[in-house]
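Descriptive structure summary
Okay, here's what each chain looks like letter by letter:
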Amino acid sequence: MTDFVASPPVIRPGGTVRPRPRRWKEHSILPGFGLSLGVTLIYLGLIVLLPLGVLAMRPWEIGLDGIVRTLTDARVAAALKITFGISFLAALTNGPLGLLIAWTLTRYEFPGRRIMDALVDLPFALPTAVAGIALTTLYAPTGPLGALAAKIGIKTAYSPLGIFIALVFIGLPFVVRSIQPVLQDLDRGVEEAAQTLGATDLQRIAYVVIPALGPAILSGISLAFARAVGEYGSVIFIAGNMPMKTEIAPLLIVIKLEQYDYAGAAAIGVAMVAISFGALIGMNILQMALARRGRT
Amino acid sequence: MIDAVAPGASRPLFRIVLPGIAPLMLLASAAAMAGLILLPLGVVFQEALAKGLMPYLAALKETDAIAAVKLTLLVAAISVPLNAVFGVAAAWTITKFEFRGKSVLLTLIDLPFSISPVVSGLVWVLLFGAQGIFGTWLIDHDVKIIFATPGLVLATILVTFPFVARELIPLMQEQGSDEEAAALTLGASGFTTFWRVTLPNIKWALLYGVLLCNARAMGEFGAVSVVSGHIRGLTNTLPLHVEVLYNDYDSVGAFAAASILAGLGIITLVLKTVLEWRHSGELSASRKH
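Here goes a summary of the coordinates provided.

What counts and what doesn't
- Residues numbered from 1 in each chain as written.
- Chains lettered and ligands numbered in written order.
- Predicted model: local features only at pLDDT ≥ 70, side-chain atom pairs only at ≥ 80, totals over all residues.
- Heavy atoms only, no water.
- Helix = DSSP H or I, 4+ residues; strand = E, 2+ residues; numbered from the N terminus.
- Buried < 20%, exposed > 50% of the residue type's maximum accessible area, 1.4 Å probe, protein only.
- Contact = heavy atoms within 4.5 Å.
- Lys, Arg positive; Asp, Glu negative; His and termini not counted.
- Charge placed at Lys NZ, Arg CZ, Asp CG, Glu CD.
- Buried area = accessible area lost by both parts, 1.4 Å probe.
- Salt bridge = Lys/Arg side-chain N within 4 Å of Asp/Glu carboxyl O.
- Polar contact = N/O pair within 3.5 Å; in protein donor to acceptor, adjacent residues only side chain to side chain.
- Nonpolar A, V, L, I, M, F, W, Y, C, P; charged D, E, K, R; others polar.
- Axes fitted to C-alpha atoms, helices over the stretch in contact; angles between N-to-C directions.
- Parallel < 35°, antiparallel > 145°, perpendicular 65-115°, else oblique.
- Left-handed = near helix turned anticlockwise from the far one by under 90°.

1. Things to note about the overall build of chain B
- Looking only at helices and strands, one finds 14 helices and one strand in chain B.
- Its C-alpha atoms give chain B principal-axis dimensions of about 65 × 60 × 30 Å.
- Here chain B holds 289 residues, and the buried ones make up 53% of them.
- A separation of at least 24 residues holds for 71% of the contacts in chain B among residues at least 6 apart in sequence.
- Averaging the positions of the 18 positive and the 19 negative side-chain charges in chain B gives two centres separated by 6 Å.

Here you go:
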């Protein structure tokens, strides 16, 4: 429904079908097109396009050399690697975890199911700074879960694992909410047919359910990834922010700004937008390929 | 108590087929939810009340805390209505008319969702900061945007930009424009049609969008932290106030302020769930679960 809908084709005498010449806008009896489009475009332009345009222009004042030098600087490169690497791992982990929770919520009836369903959205609703200090308190060496992990020799808060935990927290609802509607509409008849034909439960899940859910799982993972890459509030408390080890790219933007290195900050910002855009396009291609395979 | 139900099927499938796996999956889900979601929520209130009720209340009554609450409310009170008006206008444009470039417009509206909050703050510094494009002009004319309330508002607006539009567009797409067309044919004016026909049809989805937009506006951290300058009592919103106190090792103060925000999150969740239960028919299909 979101695409441009062409006018109905004109059938000429003689049978040749020729599309009616497209106008810029289809006629409609509803009023207010000019006003609503005007408001939309002006607001969009002022709030989103102008600022992002400025972001894209700013790094060039230090020239291509300067941009390359900024981005290949050991500390910046490390921060980008940490941000994208851990975001990717966290989003991947959210896949099976989200599937498990979505499965439990749609397939079983148990007391507290609706409360659990509502709580899935808590990472959306809880301000990130609150999530950040709460997770840090829990997973710090003195915190209840952190102390437990420390006993078996694992450092949670103030380590890459801490960043990972925060990003899993932030990304979980995206995956659950992507899978849930698809799982709900999944035709149970197909699963029953597989069972009647002698498939074991594992086979049924691996060959029938997962392929049908594939695109939804992937789309959830890519949404979680996109969110994780930009995440700041919940990460900076738990990360420890040691340069080269646990410093994330958004924090480095803040640091560059504090040093009045606007161009450097903008360069990192543009690099982040570009890399996540590329990753999202890749995910979309994979998702379309999966959807096509699922159909045939 | 654990029953396996198959929606739409009359016989419970799993009770026969999978005697062991259902409790196992339930347990695993419950453990994941508890460790990842319930415990962090609980810890906020536990730490806030760690030294008892009086220190907690005292922390809430502190002048800087009250100033932070007021500033947070002010910023949300400006940015949420603006984004709501924009959301309605954008949804009206996109769902009631067919024109070229519509999918581009949709993509651009979603764009702020894929930008890091820190970048959403950074762009305003590049425009209005001391070394920004309009920096010198603003200093000459003694106008403060960055490290002042206007900057906080701009950053919040950018971060929460798509929320209302995102809720309205799919719903209005499903509803079509037959009812509006009928009203117009019967002689209603454009404004009357919108006020009497469209608005009642979308009011719950609008409220839903405003609710999510508001939650994010009041809780936003990354974007406002870049433009705020962290001036206590002046440019610290509540989430920033939490950070300042936490970094000062004032645990009770930080978690007391955080408990207000956590309460806001819980209220948002409750209202959101109520809207989904009571008015699922009047929300877009993607919200009916």
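2. Observations regarding the interface of chain A and chain B
- Facing the 94 residues of chain A at the interface are 102 residues of chain B.
- Buried surface at the junction of chain A and chain B, summed over both partners, amounts to about 8,800 Å²; 77% is from carbon and sulfur atoms.
- Linking chain A with chain B are one salt bridge.
- Among the salt bridges present, the one from A:D121 reaches B:K272, with a minimum N-O distance of 2.5 Å.
- Scanning the region where chain A abuts chain B turns up twelve residue pairs in polar contact (both at pLDDT 80 or more).
- The leading source of residues in the side of chain A that touches chain B is helix α1 (residues 33-57) of chain A, at 17 residues.
- In terms of residue class, the side of chain A that touches chain B is made up of 61 nonpolar, 16 polar and 17 charged.

3. Some thoughts on helix α12 (residues 249-258) of chain A
- Burial runs high along α12(A): nine of the ten residues are buried.
- Buried within α12(A) we find A:A249, A:P250, A:L251, A:L252, A:I253, A:V254, A:I255, A:K256 and A:L257.

4. Points about the packing of helix α6 (residues 128-139) of chain A against helix α8 (residues 160-185) of chain A
Residues and elements named next belong to chain A.
- Relative orientation of the contacting elements α6 and α8 amounts to 135 degrees, with a least axis distance of 11 Å. It follows from the interaxial angle that α6 and α8 lie oblique. Handedness of the crossing formed by α6 with α8: right-handed. Residues T128, A131, L135 and Y139 of α6 lie in contact with α8, whose contacting residues are I165, A166, F169 and I170.

5. Brief notes about the pattern of salt bridges
- In the structure shown here, the tally under the stated rule is 15 salt bridges over all chains.
- Between A:R177 and A:D121 there is a salt bridge; the shortest N-O distance is 3.2 Å. With A:R177 in helix α8 and A:D121 in the loop between α4 (113-119) and α5 (122-125), this pair connects stretches of sequence that are 56 residues apart.
- The class of A:R177 is buried, set by a relative accessible area of 16%.
- Taking the shortest distance from any N to any O, the salt bridge between B:K272 and B:E276 comes out at 3.0 Å. Within this pair, B:K272 and its partner B:E276 are both found in helix α14 (residues 251-278), separated by four residues, close to a single helical turn. B:E276 matches B:K272 in its accessibility class, with the two residues each being buried.

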